[in-house]
Amino acid sequence: MPKNIHMTWTVKFLLVVLLESGVFVADAVKSESVTEGESVSLNSSLTQIQTHEEVEWKFGDILIAKVKNNKESKFFGDNAAGRFRDRLKLDQTGSLTIINSRTTDSGLYTVSSSSRDTINTINLTVYARLPVPVISNNSSSSSSSSSSSSCSLVCSAVNVSHVTLSWFKGNSVFSSIRVSDLSSRSDLLLHLECVDDSYSCVLNNPIRNQTQHLNNTQLCHTCAAGPPVSLTVLISAAAAAGSLLIVAAVGIFCICRKHRNTHREETRAEEITYADPTFNRRNRNKSRATEEDNVEYTSVPHES
């Protein structure tokens, strides 16, 4: 038997074994996120529980809830070290609701159906509530900053994990740090020559954020007032446009002037008419005879 045919029959045999044993993965792992203290519903992917059908929920490998015949719901509050006691609910589709979620509820949840051979796995992440970050002077550099015009600020957050602490100027990130493990205190420094109301410190996780704006002028001297940014940009744009218009006008004037001089020279060249010189030889005898013909003679009286 060819090798590829043998592999095809092997795969078919494994699928039959999985179906017969009731193990069949219907969907890929799904993700859910929630903030600590909120309720979260984990979908069973079932539309209705059939008669004699049994649906089970597990946290990891620990059985935490079961419903049978769409009537009998049972919760195993003592399992998983009692962490889910009195905080679980099941609806008619077998979906599981966790009330007053905690960070310790994060993990993989698996729902299985006895009659439909389905398994649905959900990865739940419960994030701790975010505190509002605090902005203060950097005490470690207070002595050095007092002798200069610059100031040093620090943004702090306590008892946080899996968060990002960032300094913003407007909507742009100035600097940031990532806090993965639980930290009693996380600090992010900022050194400035002066401050304005565009600076802020943001603490965020994938689903929430907390922002503290820098509006306390006692922490650092304010920057000198200047024209609004939009006005400055408008003035700069107008000046640039004016310069381009001037350059374009000068260029057009030079081109027109050059064209006019060239046209004038061509016109003058066309108006000049050159004639071939003609030389006539003078008849000296004829001129002399002509002069004699014009002479009048008169009688001269004689003296007695």
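A quick note: this is a predicted structure, and the numbers were derived from the prediction, not measured.

Turning our attention to the state of the cysteines. Going through the model one piece at a time under the given rule, you end up with one disulfide. Here C155 connects covalently by a disulfide to C201, the sulfurs 1.8 Å from one another. An S-S torsion of about -90 degrees defines the bridge between C155 and C201 as left-handed. Here the residue C155 occupies a position in strand β11 (residues 151–157), and C201 occupies one in strand β15 (residues 199–204), the gap between them amounting to 46 residues.

Counting 22 residues, the largest nonpolar core has L42, W57, I64, F84, L96, I98 and Y109 as the members making the most contacts within it. Taken together, the elements giving at least two residues each to this core come down to β2 (40–42), β3 (54–59), β4 (62–68), β6 (88–90), β7 (96–98), β8 (107–113) and β9 (118–127). When sequence neighbours within four positions are dropped, the list of residues in contact with Y109 reads L42, W57, K58, F59, I64, F84, I98, N120, T121, I122 and L124. Core analysis: the next-biggest nonpolar cluster, separate from the first, contains 21 residues, I135, L153, L192 and V195 among them.

A separate point is the pattern of salt bridges. Within the structure shown, the criterion is met by five salt bridges. Put simply, R87 and D105 hold a salt bridge, and the shortest N to O gap is 3.0 Å. Of this pair, R87 sits in the loop between β5 (72–75) and β6 while D105 sits in the loop between β7 and β8, and the two are 18 residues apart along the sequence. Just as R87 is buried, D105 falls in that class too.

This paragraph deals with the layout of surface pockets. For the largest pocket, the calculated volume is near 150 Å³. Contributing to the lining of the largest pocket are 14 residues, with V126, Y127, A128, S161 and H162 lying nearest its centre. In terms of residue count, the dominant contributor to the lining of the largest pocket is β9 (three residues). When its residues are assigned to classes, the lining of the largest pocket shows seven nonpolar, six polar and one charged.

The sheet built from three strands is open, its strands ordered β2-β7-β6 with antiparallel pairing. With partners counted over all chains shown, the strands left at the sheet margins are β2 and β6, one partner each. Neighbour-to-neighbour, the strand axes of this sheet turn through a mean angle of 25 degrees, independent of strand direction.

This next bit is on the side chain of N138. Within the fold, N138 resides in the loop between β10 (134–137) and α2 (142–146). Residue N138 is classed as buried on the basis of its relative accessible area of 11%. With near-sequence residues (within four places) excluded, N138 lies in contact with S152, L153, V154 and L189.

Once that is clear, we can look at the packing of aromatic side chains. Between two aromatic rings, the relevant description is the distance of the centres plus the angle of the planes. Per the counting criterion, the structure on display carries four aromatic pairs. Aromatic side chains F59 and F84 sit 5.3 Å apart centroid to centroid with 75 degrees between the ring planes, which places their arrangement in the edge-to-face category. Placement of F59 in strand β3 and of F84 in the loop between β5 and β6 is noted, with a sequence separation of 25 residues between them. On the basis of an interplanar angle of 75 degrees and a centroid distance of 6.1 Å, the ring pair of F84 and Y109 is categorised as edge-to-face. Residue F84 is located in the loop between β5 and β6, and its partner Y109 is located in strand β8; the two are separated by 25 residues in the primary sequence. Here the two residues F84 and Y109 agree in accessibility, since each one is buried. Members of the aromatic cluster, joined through ring pairs, are F59, F84 and Y109.

The three strands lie next to each other as β10-β11-β14, forming an open sheet whose pairing is antiparallel. Bordering the open sheet on either side are β10 and β14 (186–192), each of which pairs with just one other strand. Neighbour-to-neighbour, the strand axes of the sheet open up by a mean angle of 25 degrees, direction not taken into account.

Procedures and definitions
Residues numbered from 1 in each chain as written. Predicted model: local features only at pLDDT ≥ 70, side-chain atom pairs only at ≥ 80, totals over all residues. Heavy atoms only, no water. Disulfide = S-S within 2.5 Å. Helix = DSSP H or I, 4+ residues; strand = E, 2+ residues; numbered from the N terminus. Core = buried A, V, L, I, M, F, W, Y, C linked by side-chain atoms within 4.5 Å. Buried < 20%, exposed > 50% of the residue type's maximum accessible area, 1.4 Å probe, protein only. Contact = heavy atoms within 4.5 Å. Salt bridge = Lys/Arg side-chain N within 4 Å of Asp/Glu carboxyl O. 1 Å grid on protein atoms, 1.4 Å probe; cavity = no way out; pocket = protein on both sides within 12 Å on 5 of 7 lines; lining within 4 Å. Points joined across faces, edges and corners; volume = space filled by probe spheres on them. Nonpolar A, V, L, I, M, F, W, Y, C, P; charged D, E, K, R; others polar. Pairing = 2+ DSSP bridges. Axes fitted to C-alpha atoms, helices over the stretch in contact; angles between N-to-C directions. Phe/Tyr/Trp six-rings, centres within 6.5 Å; stacked < 30°, edge-to-face > 60°.

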